[in-house]
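One-letter residues, chain by chain:
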Amino acid sequence: MNLPNPSNHESEIQVLGVRAISQPDYSWVVIDLSASVRYKLGHLPDPQRLYLDLPHTKISTRLMGQRLAFKDGLVEQIRMATDAGSVTRIVLDLRTAVSYLVSLLGDHKRLLVELRRPPGKTGPMGSVPIQVGARRALMEGLSTDGPDSVSTSPQGTSSSNADAPRTESSSGSHSSWEPENNGLRYAGTSPPRNVLVLGLKMGSSYDDNIFRNKQRAVGDVDFLFGPSLSLSREGSRLSLALNYQPQFRIYRKVAEQNAIDQTLGFDLTYRASPRASFRARGSAFYMTGIFQPSQEEGFFPGLGSPSRLNETLFTPTARQLRWSWRIDASYQPSARDWIDLFLASSTLDYKQQILNEGNLQNTKQNEAGLLYKHRLSLHTTVGIEYLYEDIRFGPDSQTLVHSAFFSYEQQVSPSVTLSAFGGPQFSRLHEVVILPLSTLTLRIPAFQTGLNWAVGGILTKQSRKTAFQLSAQHEVSDGGGLLGAVVSSSSRASVRRRLPGRWETIWSAGYADNSSLGSAVSRRAFQSLTAGAGLERALTEKLHFGLQYNFVRQRGTQVSPLFGSLDHDIWSIRFSYSFHAMALGR
């Protein structure tokens, strides 16, 4: 299949951008060119894929080396490469056999690849035109979009080029705004898929307060060593990501602090049909201390924790087990609507710590919720959500929270996204107030109800060299092992920037205020300030180097100055090496 006469400047033709808009039954891929060009279209089965060969064409520098991955729809990913003969091949890896049509748009500088799922059972490939109404909607959307535009389907399928963010809507509580500890990622990047990676991490750090005790500040140097196993596998229906990292930490002087920290995370998705899917996630952290390796430090950034436990409160040194799981059932009744039902549970366990009144207490939080989203336009989505929480702190404190949220998401520009939520939270607290009276101790049951307004939002900017995120929230949450239920107000800013010479810099800062919901007798509060800075560099394709500094200052109100109040600085240097990567196929 060929175009009419090519441009007189064939040798200067560039691929400027690639965009995709996906729905369960059809997808569009638009290829932006600097001039018209002849092309050859081909199809290869097992696995299913389409390819276009563009002679005398090169890929623009900002698209060079990019692989555009998509979460949903008929297109799994798009790959591009140019051979020695100046022929650029664009490959569309498909999830299933499709009907297709390739045509020209406007001034012949855009190629449109239209894909449709054949009716009934999957049939053979064929050149079948797409519905007129759907095509007209696409033309209207393209009339205002340039080569750098981004369009996003309601279920979170990203439509991106090299300078646009890959946005994935994560189902779950506050799914329209809440980050999942995914870390900052540049536009156009995504975790590797269909691969098993075995790695090794080692490093050293200096901690000026290893006991997290303001009155007993002891500094020491530790040495860290640990293997890691990361797995990513995506199929037409089943996808799995797994990360396991045991780490040995040995201190130079204080041997009683030596420990083996372990982290485990998994994310399993099953697509029962184009409109229905199920997702199960889990994580476990068995560790001592504050700044420990998290899932985002694995070889697969983006494999986050489903936990909604409060991470703005910092406990004194104590061996802890933090684990959580979450199950989502999602259904898309139409192209613009999406429903998600979920169950979740999180636990913070200090079984190996002697627990006293006013000291660390185990925390357990159970959740259930229902979320509905509606896409108003290609760039705007609104939603409503009901959330039920059962927060238990120690043996005597329980708080039930009912929340109703309204959410709003906006793709402000190809590189900027904004999401916000807000709504009322009704809480009912049951606790036991202890009153010491000379030789007697009175235990008085206390009940308290309250209405709190929860608000929050996230502003994200992603480009090829900079990733920036600013977030803030105010809501009822758990007390992180220090308090029962709290009203938590926090804000955080993070930026990641690519520098010359394969260097990257990371900066972050945050502030949080956590005030207990308890009665006036037991009301307590903590304020914390955090900051961090780091440098990273890829020494080779497999070896990475990192240098980092982190700071925490936390103060408590109406609590013992020996408990929960701390100043903490840590400097660390790390090396990570992926010594074996095994491709698992498609």
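Since the model is a prediction, treat every value here as computed from it, not as a measurement.

What follows deals with the overall build of the protein chain. When helices and strands are tallied, the protein chain shows 1 helix and 29 strands. Within the protein chain, buried positions represent 52% of all 586 residues. For the protein chain, contacts bridging at least 24 residues in sequence account for 62% of all contacts bridging at least 6.

All right, on to the nonpolar core then. Judged by nonpolar contacts, the single largest core of 31 residues is most densely connected at Val15, Val29, Leu52, Leu54, Ile78, Leu92 and Leu115. Elements with a minimum of two residues in this core: strand 1 (13–22), strand 2 (26–33), strand 4 (49–54), strand 7 (75–82), strand 8 (88–94), strand 9 (99–105) and strand 10 (110–116). At 4 residues, the largest contribution of residues to this core is made by strand 1. Counting residues in hydrophobic clusters, the runner-up holds 10 residues, among them Leu313, Ala318, Leu483 and Val486.

Below, the discussion takes up the pattern of salt bridges. Once their charged atoms are close, side chains differing in charge can pair, the charge on each being opposite to the other. The final tally for this structure, using the stated rule, is 16 salt bridges. Here aspartate 328 and arginine 326 are joined by a salt bridge, their closest N and O atoms 3.0 Å apart. Exposure remark for aspartate 328: the relative accessible area of 0% places this residue in the buried category. The class for arginine 326 is buried, based on a relative accessible area of 2%. Between glutamate 536 and arginine 496 there is a salt bridge, with the nearest N and O atoms lying 2.5 Å from each other. Here the residue glutamate 536 occupies a position in strand 27 (residues 525–538), and arginine 496 occupies one in strand 25 (residues 483–499), the gap between them amounting to 40 residues. The class for glutamate 536 is partly exposed, based on a relative accessible area of 32%. The network of salt bridges with common partners includes Asp222, Arg249, Asp261 and Arg319.

For any pair of aromatic rings, the description consists of the separation of the ring centres together with the inter-plane angle of the planes. What the rule picks out here adds up to 5 aromatic pairs. With a centroid separation of 6.3 Å and 90° between ring planes, the pair formed by tryptophan 503 and phenylalanine 545 is classed as edge-to-face. Taken together, the residues tryptophan 503 in strand 26 (residues 503–516) and phenylalanine 545 in strand 28 (residues 543–557) connect sequence positions 42 residues apart. You can call tryptophan 503 partly exposed: its relative accessible area is 29%. Looking at phenylalanine 545, the relative accessible area reads 17%, which means it is buried. An aromatic cluster is present here, built from Tyr206, Tyr549 and Trp571 joined pairwise through their rings. Between arginine 89 and the ring centre of tyrosine 51, over which it is positioned, the NZ or CZ distance is 4.0 Å. Above the face of the phenylalanine 342 ring, arginine 326 is positioned so that its terminal group lies 3.9 Å from the ring centre.

Here we come to a nonpolar patch on the surface. Together, Met202, Phe225, Phe248, Ile260, Leu499, Leu535, Leu539, Leu547, Ile573 and Phe575 make up an exposed nonpolar region whose accessible area comes to about 780 Å². Checked against the element boundaries, isoleucine 260 lands in strand 15 (residues 259–271).

With that settled, the discussion passes to the pairing of strand 19 (residues 363–377). The pairing of strand 18 (residues 337–349) with strand 19 spans 12 bridges and is classified as antiparallel. Across the sheet, leucine 348 pairs through a bridge with threonine 363, a residue of strand 19. Bridge count for strand 19 against strand 20 (residues 380–393) is 14 bridges, and the pairing is antiparallel. Each bridged residue has a counterpart across the sheet, and for asparagine 366 the counterpart in strand 20 is aspartate 390. Turn length for the strand 19-strand 20 hairpin, with the two strands adjacent in sequence and antiparallel, is 2 residues.

This paragraph deals with the side chain of arginine 249. Within the secondary structure layout, arginine 249 lies in strand 14 (residues 238–251). A distance of 3.0 Å separates a polar atom in the side chain of arginine 249 from a polar atom in the side chain of aspartate 222.

As a further point, take the confidence of the model for the protein chain. Per-residue confidence for the protein chain gives a mean pLDDT of 78, with 75% of residues at or over 70. Per-element confidence in the protein chain is highest for strand 20, whose mean pLDDT is 94, and lowest for strand 11 (residues 126–127), whose mean pLDDT is 44. Counted against residues more than four places away or in other chains, residues 1–11, with its pLDDT under 50, gives 24 contacts. With pLDDT under 50 throughout, residues 121–133 is counted as low confidence; its partners more than four residues away or in other chains account for 27 contacts.

Attention now goes to the environment of leucine 539. With respect to the helices, strands and loops of the structure, leucine 539 is situated in the loop between strand 27 and strand 28. Not counting the four nearest positions on each side in its chain, leucine 539 is found in contact with Arg502, His544, Phe545 and Phe575.

The next subject is the sheet that holds strand 4. One open sheet holds the 5 strands; their spatial order is 3-4-8-7-6, and the pairing between them is antiparallel. Of all strands in the sheet, those with a lone pairing partner are strand 3 (40–44) and strand 6 (67–69), marking the two edges. Strand-to-strand twist in this sheet, taken as the mean axis angle between neighbours without regard to direction, amounts to 15°. Two elements, strand 4 and strand 8, share 6 bridges in a ladder whose sense is antiparallel. Opposite arginine 49, over in strand 8, you have aspartate 93 as the bridge partner.

The next point concerns unusual backbone geometry. One non-glycine residue, histidine 56, lies in positive phi territory at about 50°. For histidine 56, the location among the structural elements is in the loop between strand 4 and strand 5 (57–59). For histidine 56, a relative accessible area of 41% translates into the label partly exposed. With a phi close to 65°, arginine 502 is a non-glycine residue in the positive phi region.

Calculation criteria
- Residues numbered from 1 in each chain as written.
- Predicted model: local features only at pLDDT ≥ 70, side-chain atom pairs only at ≥ 80, totals over all residues.
- Heavy atoms only, no water.
- Helix = DSSP H or I, 4+ residues; strand = E, 2+ residues; numbered from the N terminus.
- Buried < 20%, exposed > 50% of the residue type's maximum accessible area, 1.4 Å probe, protein only.
- Contact = heavy atoms within 4.5 Å.
- Core = buried A, V, L, I, M, F, W, Y, C linked by side-chain atoms within 4.5 Å.
- Salt bridge = Lys/Arg side-chain N within 4 Å of Asp/Glu carboxyl O.
- Phe/Tyr/Trp six-rings, centres within 6.5 Å; stacked < 30°, edge-to-face > 60°.
- Lys NZ or Arg CZ within 6 Å of the ring centre and 35° of its normal.
- Patch = residues over 30% accessible without salt bridge, like charges linked within 9 Å, V, L, I, M, F, W, Y side chains within 5 Å.
- Areas by Shrake-Rupley, 256 points an atom, 1.4 Å probe, with all protein chains shown as cover.
- Pairing = 2+ DSSP bridges.
- Polar contact = N/O pair within 3.5 Å; in protein donor to acceptor, adjacent residues only side chain to side chain.
- pLDDT = per-residue confidence, 0-100.
- Axes fitted to C-alpha atoms, helices over the stretch in contact; angles between N-to-C directions.

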